Amino acid sequence: MVKENRVVLRNHGELDPLKIDEYIARDGYNALKKAFNMGQDDVIEEVKASKLRGRGGAGFSCGLKWLFTKQVEADQKYVVCNADEGEPGTYKDRMIMQYDPHTLIEGMAICGYAVGADKGYIYCRGEYPYILDILNTAIGQAAEKGLLGDFSIEVRYGAGAYVCGEETALLASLEGKRGEPSCKPPYPTVEGVWKKPTVVNNVETFASVPSIINKGAEWYSSIGDPDYPGTKILTLSGDVNNTTFFEVPTDTTLREVIFGLGGGMKDGKAFKAAQVGGNSGAFVPESLLDTPIAFDSMESISATLGSGAVFVLDETRDIVDVSCRVAGFFVHESCGKCAPCRIGTTRIHEIIERIGQGRGNAADLVLLKDLGSVMAGSCLCGLGQAAPVPILSVLKHFAEDYDAAIARAGEVC
Ligand SMILES: Cc1cc2nc3c(=O)[nH]c(=O)nc-3n(C[C@H](O)[C@H](O)[C@H](O)COP(=O)(O)O)c2cc1C
């Protein structure tokens, strides 16, 4: 039976988030003190050796990102925490910020010290207004005790746009501009907010760092999958018995998550599919549930771990209807800056809607696949590149559902 391993969530439910002394009593801010004594290069080396990779979706090496930022000569550098958390079904970052804000603050301060940045921002999802006070109180307490050295943190919040989770759009929004993505390179490590070198990391990534500094890279890299070590917080929703969150080693399989920790399917119904990684993730069939959740394992089955959301569907769910809703989400959230995304998301939705209404034909399936491959190769940012992923996965694994929808007439999507 798979067990949780709470590294990031080690303090969850164990302390009052508004009382810094309770965090300090549980080893809090020891890692930051230790980092100050280690020196910048050794801190970066330790994070690199831990093989910690981004928990926001792209899976890039955290240590390398910090190294690239440190290496750039600049009069000012920044640390930005991506707390936009707009992926449907995802609330892991909220669990960290709401219940243990100091773990995030400590991780950001360690990063600031390591890369030579004295200013940090937390870009928080606009739908989390109740977290702003918690974050501001915790930041104020840490600063008042002089724990952060010369590092300061400001909390900013978005207006609820999914695209603002994409790092270049986030940085534009942080500068007060329209939240639209831009071409990379230059990467934020070289030219980030206000054109200064900037580390952008996810909440869970920063919150992993204090334990790595305290317990060492070797300890961390021995947990879970060797290429994507450590733990991952998953948020489980849909037709399972336990719709909640878990922190598990990264070599845990989807089956262990859904049928072990998740308690299996609700009402004794059979499993149909799990959409992994949020709305931009693939739908995974039963035959692939023994795949570990680790980043590369998921890629090997053309899926993504993404934000760690796992949305489970039982046998009664209409996969054409579900994928139509997913496609509609991307129409709504496309910022419209690039044509392949603006037009492609709309066309995909139209085609699926048509099929769901019994007005589709076999040529529509070819069109969907063509559109998907054009968008993956030509959209400006990950939103448009990933929008076809769930649709293509459904066409691959649940083709018979689409064929049946094409064969029948009538129902409205
Ligand atoms: C449309 C879109 C939405 C995204 N939303 C988020 C988000 O809510 N939180 C997040 O950390 N990363 C999000 N990302 C990924 C970020 O662009 C970036 O890779 C991440 O913040 C880097 O941090 P990490 O290396 O710690 O994962 C999103 C990417 C795209 C394309």
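Thresholds applied
- Per chain, residue numbering runs from 1 following the sequence as it is written.
- Where totals are concerned, whole chains, interfaces and linings use all residues; where local detail is concerned, this predicted model gives features only for residues with pLDDT of at least 70, and gives and counts side-chain atom pairs only at 80 or more.
- Note on conventions: DSSP H or I runs of at least 4 residues are helices, E runs of at least 2 residues are strands, and numbering of each starts at the N terminus.
- Remark: C-beta atoms are placed from the backbone, and a residue is labelled buried if 20 or more other C-beta atoms sit within 10 Å of its own, exposed if 12 or fewer do, or partly exposed between those counts.
- Distance between backbone-placed C-beta atoms decides contact: two residues are in contact if it is within 7 Å.
- To define a nonpolar core, we join buried Ala, Val, Leu, Ile, Met, Phe, Trp, Tyr and Cys residues through C-beta atoms within 7 Å and take the resulting set.
- Each domain's extent was defined by an automatic or database domain assignment.
- Only Asp, Glu, Lys and Arg are considered charged in this grouping, and only Ala, Val, Leu, Ile, Met, Phe, Trp, Tyr, Cys and Pro are considered nonpolar; every other residue, Gly among them, is considered polar.
- Here, nearness means that the C-beta atom of a residue, built from backbone geometry, sits within 6 Å of the molecule or strand in question.
- At least two bridges found by DSSP between two strands are what make those strands a pair.
- With axes taken as lines fitted to C-alpha atoms, and helix axes fitted only over the stretch in contact, angles between N-to-C directions fall between 0 and 180 degrees.

## Description of the overall build of the protein
Moving on, step 1. Secondary structure summary: the protein contains 18 helices and 11 strands in total.
Moving on, step 2. Across the 413 residues in the protein, those meeting the buried criterion constitute 53%.
Moving on, step 3. For the protein, contacts bridging at least 24 residues in sequence account for 72% of all contacts bridging at least 6.

## So, the nonpolar core
Moving on, step 1. Val-80, Cys-81, Ile-110, Cys-111, Val-257 and Val-310 are the most contacted members of the largest nonpolar core, which has 122 residues in total.
Moving on, step 2. Broken down by element, the residue count for this core peaks at 9 residues, all from helix H6 (residues 101-115).
Moving on, step 3. Once residues lying within four places of it in the same chain are set aside, the contact partners of Ile-110 are Ala-31, Leu-32, Ala-35, Val-43, Val-209, Pro-210 and Ile-213.

## Some words on the domain arrangement of the protein
Moving on, step 1. Looking at the assigned domains, one finds that the protein contains domain 1 (20-222), domain 2 (225-314) and domain 3 (319-407).
Moving on, step 2. Distance between the C-alpha centres of domain 2 and domain 3: 23 Å.
Moving on, step 3. Across the contact, 10 residues belong to domain 2 and 12 residues belong to domain 3.
Moving on, step 4. When grouped by side-chain class, the residues that make up the side of domain 2 that touches domain 3 number 5 nonpolar, 5 polar and no charged.

## Overview of the site of the ligand
Moving on, step 1. Taken together, 23 residues sit near the ligand, with Gly-54, Gly-56, Gly-165, Asn-202 and Gly-382 positioned nearest.
Moving on, step 2. Counting only elements with at least two residues in the shell around the ligand, the list comes to strand S4 (198-202) and helix H16 (382-386).
Moving on, step 3. With 3 residues, S4 is the single largest residue contributor to the shell around the ligand.
Moving on, step 4. Of the residues contributing to the shell around the ligand, the split by class is 7 nonpolar, 10 polar and 6 charged.
Moving on, step 5. Both domains that furnish three or more residues to the shell around the ligand are identified here as domain 1 (20-222) and domain 3 (319-407).

## Structural notes on the environment of Ala-363
Moving on, step 1. Tracing the backbone through its elements, the reader meets Ala-363 in helix H15 (residues 362-378).
Moving on, step 2. Given 10 C-beta atoms within a 10 Å radius, Ala-363 is considered exposed.
Moving on, step 3. Sequence-wise, Ala-363 and Leu-18 are 345 residues apart; in three dimensions their C-alpha atoms are separated by 58 Å.

## Some thoughts on the sheet that holds strand S11 (residues 309-314)
Moving on, step 1. Spatially, the 5 strands line up as an open sheet ordered S8-S7-S11-S9-S10, and their pairing is mixed. What marks the edges here is a single partner per strand, and that holds for strand S8 (245-249) and strand S10 (283-284).
Moving on, step 2. Relative to S11, strand S7 (residues 231-238) runs parallel, the two being bridged by 4 bridges. When the sheet's bridge partners are listed, Gly-238 is paired in S11 with Val-312.

## As for the pairing of strand S9 (residues 271-276)
Moving on, step 1. S9 sits mainly inside the fold: 5 of its 6 residues count as buried.
Moving on, step 2. Looking at chain direction, S9 and S11 are connected through 5 bridges and run antiparallel. Looking at the pairing, Ala-274 lines up with Val-312 of S11.
Moving on, step 3. With 2 bridges connecting them, S9 and S10 associate as antiparallel partners. Bridging across to S10, Gln-275 finds its partner in Phe-283.

## Considering unusual backbone geometry
Where the residue is not glycine, phi is negative for most of them; where a peptide bond is considered, it is trans in most cases.
Moving on, step 1. Pro-185 follows Lys-184 through a cis peptide bond whose omega is -5°.
Moving on, step 2. With respect to the helices and strands, the residue Pro-185 is situated in the loop between helix H8 (167-174) and S4.
Moving on, step 3. Phi at Tyr-29 is positive, roughly 70°, even though this residue is not glycine.
Moving on, step 4. Mapped onto the fold, Tyr-29 is located in the loop between helix H1 (20-25) and helix H2 (30-38).
Moving on, step 5. Located in the positive-phi region is Ser-302, a residue other than glycine, with phi close to 60°.
Moving on, step 6. Take Ser-302: there are 14 C-beta atoms within 10 Å of it, and that puts it in the partly exposed class.

## Concerning helix H5 (residues 92-99)
Moving on, step 1. Buried residues dominate H5, accounting for 6 of its 8 residues.
Moving on, step 2. Here H5 has its buried residues at Lys-92, Asp-93, Arg-94, Met-95, Ile-96 and Met-97.
Moving on, step 3. Packing partners of the buried residues in H5 comprise strand S1 (78-83), H6, helix H7 (129-144), helix H9 (203-215), S7 and S8.

## A closer look at the sheet that holds strand S3 (residues 152-157)
Moving on, step 1. The 4 strands are arranged S3-S2-S1-S4 in an open sheet whose pairing can be described as parallel. One side of each edge strand has no neighbouring strand; the edge strands of this open sheet are S3 and S4. Across the sheet, the mean angle separating the axes of adjacent strands is 20° when strand polarity is ignored.
Moving on, step 2. Relative to S3, strand S2 (residues 119-124) is paired through 6 bridges, and the arrangement is parallel. Each bridged residue has a counterpart across the sheet, and for Cys-124 the counterpart in S3 is Tyr-157.

## As for the environment of Thr-137
Moving on, step 1. Note that Thr-137 resides in helix H7.
Moving on, step 2. Once the C-alpha coordinates of Thr-137 and Pro-17 are considered, the two residues, 120 residues apart in sequence, prove to be 9.3 Å apart.

## Considering the environment of Leu-371
Moving on, step 1. Within the element layout of this structure, Leu-371 appears in helix H15.
Moving on, step 2. Sequence separation between Leu-371 and Ile-348 is 23 residues, and the spatial gap between their C-alpha atoms is 7.5 Å.
Moving on, step 3. Not counting the four nearest positions on each side in its chain, Leu-371 is found in contact with Gly-344, Arg-347, Ile-348 and Pro-388.

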